[in-house]
Amino acid sequence: MKYWPGEALGMPKFPILNILALLAIALIISGCFWSGPWPRVDVNIEGLGEGELAKFVGRNTYYDADGLQQRTKKFIIERTSAKGISREDAEALGLQCAPAPSKECSYSGEYWVRSDQRYVPRDGPDYGARAVYHVDVRLSYLKPHDAVVQAYKRYVPDE
């Protein structure tokens, strides 16, 4: 057997494993442990409505209001033609179109998020409250890439 300088007899080639094992034993003996589970976040998307746009917003609830606004605008651009879409296509996206002869369509929906109160600072706006996100979209189905998307967040005390 060959031994390299500084290598003790019987020691594994990966000393990091020994260190991790010793650290784990020390934590167990000291009484420290992970208090798990992961923070729980409740999300209610019932106020988003139906259609592709509502489903998209529902799948992207982890973004802040600015990120949601940008992603929603990008979604509309990806799903529509710059030359325009039909009224039926706009309604299939989940937009509500005004009666003819108007070419305007809109969407309005909201969802709320409640963070696990164990992990929220008591002096923060999230403590004891739900964050309600509201999304508004307005567009002309003749020029859907010029859509105006607004998203904002407000806090509502828990009931």
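What counts, and where the lines are drawn
Residues numbered from 1 in each chain as written. Predicted model: local features only at pLDDT ≥ 70, side-chain atom pairs only at ≥ 80, totals over all residues. Heavy atoms only, no water. Buried < 20%, exposed > 50% of the residue type's maximum accessible area, 1.4 Å probe, protein only. Helix = DSSP H or I, 4+ residues; strand = E, 2+ residues; numbered from the N terminus. Contact = heavy atoms within 4.5 Å. Patch = residues over 30% accessible without salt bridge, like charges linked within 9 Å, V, L, I, M, F, W, Y side chains within 5 Å. Areas by Shrake-Rupley, 256 points an atom, 1.4 Å probe, with all protein chains shown as cover. Salt bridge = Lys/Arg side-chain N within 4 Å of Asp/Glu carboxyl O. Core = buried A, V, L, I, M, F, W, Y, C linked by side-chain atoms within 4.5 Å. Polar contact = N/O pair within 3.5 Å; in protein donor to acceptor, adjacent residues only side chain to side chain. Axes fitted to C-alpha atoms, helices over the stretch in contact; angles between N-to-C directions. Left-handed = near helix turned anticlockwise from the far one by under 90°. Nonpolar A, V, L, I, M, F, W, Y, C, P; charged D, E, K, R; others polar. Phe/Tyr/Trp six-rings, centres within 6.5 Å; stacked < 30°, edge-to-face > 60°. Lys NZ or Arg CZ within 6 Å of the ring centre and 35° of its normal.

A. The arrangement of helix α2 (residues 52-59) in detail. Taken residue by residue, α2 has L53, A54, F56, V57 and G58 as its buried positions. Taken together, the buried residues of α2 touch α3 (65-79), β3 (104-114) and β4 (129-140).

B. Geometry of a nonpolar patch on the surface. Taken together, I16, L17, I19, L20 and L23 make up a surface patch of nonpolar side chains, about 500 Å² in accessible area. By the secondary structure assignment, L17 is in helix α1 (residues 15-30).

C. A look at the nonpolar core. I76, L95, Y107, V137 and L139 are the most contacted members of the largest nonpolar core, which has 27 residues in total. Examining the composition of this core, we find that five residues originate from one element, β4, more than from any other.

D. Fine view of the side chain of N60. Mapped onto the secondary structure, N60 falls in the loop between α2 and α3. A distance of 2.7 Å separates a polar side-chain atom of N60 from the backbone oxygen of F56. Other than its neighbours up to four places away in sequence, N60 contacts L68, R71 and Y111.

E. Focus on the packing of α2 against α3. Put simply, α2 and α3 touch, their axes get as near as 11 Å, and they point 140° apart. Seen along the crossing, α2 lies across α3 with a hand that is right-handed. Here E52, L53, F56 and V57 of α2 lie close against α3, whose contacting residues are L68, R71, T72, F75, I76 and R79. Across the contact of α2 with α3, the residue classes break down as six nonpolar, one polar and three charged.

F. Summary view of the packing of aromatic side chains. If you walk through the whole model with that rule in mind, you get three aromatic pairs. Each ring, one from Y62 and one from Y63, has its centre 4.8 Å from the other, and the planes form 35°; the classification is tilted. Y62 sits in the exposed class, given a relative accessible area of 61%. Seen from their ring centres, Y111 and Y133 are 5.1 Å apart, and the 10° between their planes marks the pair as stacked. You can see Y111 sitting in strand β3 and its partner Y133 sitting in strand β4, a full 22 residues away along the chain. We classify Y111 as buried; its relative accessible area is 1%. Above the face of the W112 ring, R130 is positioned so that its terminal group lies 5.0 Å from the ring centre.

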